[in-house]
Amino acid sequence: MSDKNYILAIESSCDDTGAAIIDGNRIISNVVASQKIHEIYGGVVPELASRAHQQNIVPVVDQALKQADITKEELKAIAYTRGPGLMGSLLVGGSFAKSFSQSLNIPLIEVNHMQAHILANFIEDANDEKPTFPFLCLTVSGGHTQIVKINNYFDMEILGETIDDAAGEAFDKAGKILNLPYPAGPIIDQKSKVGNPLKFKFAKPKIEGLNFSFSGFKTSILYFIQKEVKANPDFIEENIDDLCASIQRSIVDILMEKVKKASDTTGIKQIAIAGGVSANSEIRQRLKDGETEFDWKTFIPKFAYTTDNAAMIAMVGSLKFDQEIFTENTAKSVAKYHI
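The following paragraphs examine the structure supplied in this document. These numbers were taken from a predicted model, which means no experiment stands behind them.

1. A closer look at the pattern of salt bridges
Then comes step 1: Enumeration over the complete set of coordinates arrives at 17 salt bridges.
Then comes step 2: When the shortest N-O distance is used, the salt bridge between D253 and K204 registers 3.5 Å. Pair noted here: D253 is in helix α7 (residues 235-266) and K204 is in the loop between α5 (185-192) and α6 (215-231), with a separation of 49 residues, a long-range link.
Then comes step 3: Of the residues examined, D253 reaches a relative accessible area of 13% and is grouped as buried.
Then comes step 4: Of the residues examined, K204 reaches a relative accessible area of 35% and is grouped as partly exposed.
Then comes step 5: D253 is the partner of R286 in a salt bridge, and the nearest nitrogen-oxygen pair spans 2.6 Å. Taken together, the residues R286 in helix α8 (residues 281-293) and D253 in helix α7 connect sequence positions 33 residues apart.
Then comes step 6: Classification of R286 as partly exposed rests on a relative accessible area of 21%.
Then comes step 7: Each of K204, R249, D253, E257, E282 and R286 takes part in salt bridges that share partners, so that together they form one network.

In structure tokens:
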């Protein structure tokens, strides 16, 4: 019998099927199967996502075990994403996890997807140093934008969040206006590197406190583009790099202003980042600049742990396993699951 606490984690909240094996806070394997089919629709189609998870989950789990060079009998627990996410996708992962844990007679551990994004910062090779409590985390993804105060691994307080669109949605919807393929965020980031971020100005939302809003910002881009294209049909094509740079700069400005405000309000100078949009190069750079500008200590996990992945689910699973926080097999998946 192995003295290792190998835990299998399964992530299926949206359109990526992930499986990972962890021991302590060390990731042994981390496998992700992405679904390309959604690109032609310009966004994730829930029904297609859940069908693809059904096709992918067994091979992905099998690959994770093979890469870790262990057998299923060596597993000590199964962790899975309970929510938030697309209900059909969550049910596939949840059903598999429950069945697998029951067949192996090992504990089941449910994981909050948003907590997992934050706690990915504690994976052994996520970053050079780990944050200490309390710290602030800017969580930015396709569906969520939040500033969270982390008092302990499972004691988190949302200080501010979006009241409409998330930052990831703002990137993708701006990309759609610019006729860029889905997902647009990485493309905007790439084109921004050669564009002038000060060329175009867009309306910034005036939201009290630490909450965010991106719907008005998105509308201002739409109206601006419609007006310019009417005067010059080639406007987008001729200015695409500058448009991408200006849009990205505006979104990051909105995010950074609120993070700065949260730091000033709480007096906390440890700032972490999490979520898929945290792969954005400008957000990472501006946070890093905050170390000099605002005397922050920043924690920026490597790219593999920012997008949806099973390694972050495994990290939470390992922490809960240590505390013997297990889940009943009757636990239901939840599309909306608050921290």
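2. Digging into unusual backbone geometry
Then comes step 1: Residues F133 and P134 are joined by a peptide bond in cis, for which omega reads -5°.
Then comes step 2: Relative to the elements of secondary structure, P134 occurs in the loop between α3 (113-119) and β6 (135-140).
Then comes step 3: Note that the residue after Y182, namely P183, is joined by a cis bond; omega there is -5°.
Then comes step 4: Here D295, not a glycine, exhibits a phi torsion of approximately 65°, which is positive.
Then comes step 5: For D295, the position within the fold is in the loop between α8 and β10 (297-299).

3. Describing the packing of aromatic side chains
Then comes step 1: This model, assessed by the stated rule, comprises 14 aromatic pairs.
Then comes step 2: When the centroid spacing of 5.2 Å and the interplanar angle of 80° are considered together, the rings of F122 and Y153 count as edge-to-face. Of this pair, F122 sits in the loop between α3 and β6 while Y153 is found in the loop between β7 (145-152) and β8 (155-161), placing the two residues 31 residues apart along the sequence.
Then comes step 3: Ring centres of F133 and Y153 lie 5.1 Å apart, and the angle between their planes is 90°; on these two criteria the pair is classed as edge-to-face. Of this pair, F133 sits in the loop between α3 and β6 while Y153 is found in the loop between β7 and β8, placing the two residues 20 residues apart along the sequence.
Then comes step 4: Exposure remark for F133: the relative accessible area of 30% places this residue in the partly exposed category.
Then comes step 5: Its relative accessible area of 24% is what places Y153 among the partly exposed residues.
Then comes step 6: In textbook terms, an aromatic cluster arises when at least three aromatic residues are bridged by ring pairs, as seen for F200, F202, F217, F224 and F235.
Then comes step 7: One cation-aromatic arrangement involves R82 over Y337; the distance from NZ or CZ to the ring centre is 5.5 Å.
Then comes step 8: Of note, R284 hangs over the ring of F303, and the distance from its end group to the ring centre comes to 4.3 Å.

4. Thoughts on the sheet that holds β8
Then comes step 1: Taken in spatial order, the 5 strands of this open sheet run β8-β7-β6-β9-β10, and their pairing is mixed. Looking at the sheet topology across the chains shown, the edges are occupied by β8 and β10. Within the sheet, the average angular offset between the axes of one strand and its neighbour, ignoring direction, is 25°.
Then comes step 2: Two elements, β6 and β7, share 6 bridges in a ladder whose sense is antiparallel. Residue F135 lies in a different strand from β7, and its bridge partner there is I150.
Then comes step 3: Sheet contacts for α7: β6, β7, β8 and β9 (270-274); angle to β6, the most-contacted strand, approximately 160°.

5. Quick look at the layout of surface pockets
Rolled over the atoms, a probe as big as a water molecule pinpoints where empty space is left.
Then comes step 1: Estimates place the volume of the second largest pocket at around 240 Å³.
Then comes step 2: Around the second largest pocket sit 13 residues that line it, and G143, H144, Q146, E161 and H338 are the ones nearest its centre.
Then comes step 3: Broken down by secondary-structure element, the contributors of at least two residues to the lining of the second largest pocket are β7 and β8.
Then comes step 4: Classifying every residue of the lining of the second largest pocket by side-chain character gives 5 nonpolar, 6 polar and 2 charged.

Quick notes on the rules
- Residues numbered from 1 in each chain as written.
- Predicted model: local features only at pLDDT ≥ 70, side-chain atom pairs only at ≥ 80, totals over all residues.
- Heavy atoms only, no water.
- Salt bridge = Lys/Arg side-chain N within 4 Å of Asp/Glu carboxyl O.
- Helix = DSSP H or I, 4+ residues; strand = E, 2+ residues; numbered from the N terminus.
- Buried < 20%, exposed > 50% of the residue type's maximum accessible area, 1.4 Å probe, protein only.
- Phe/Tyr/Trp six-rings, centres within 6.5 Å; stacked < 30°, edge-to-face > 60°.
- Lys NZ or Arg CZ within 6 Å of the ring centre and 35° of its normal.
- Pairing = 2+ DSSP bridges.
- Axes fitted to C-alpha atoms, helices over the stretch in contact; angles between N-to-C directions.
- Contact = heavy atoms within 4.5 Å.
- 1 Å grid on protein atoms, 1.4 Å probe; cavity = no way out; pocket = protein on both sides within 12 Å on 5 of 7 lines; lining within 4 Å.
- Points joined across faces, edges and corners; volume = space filled by probe spheres on them.
- Nonpolar A, V, L, I, M, F, W, Y, C, P; charged D, E, K, R; others polar.

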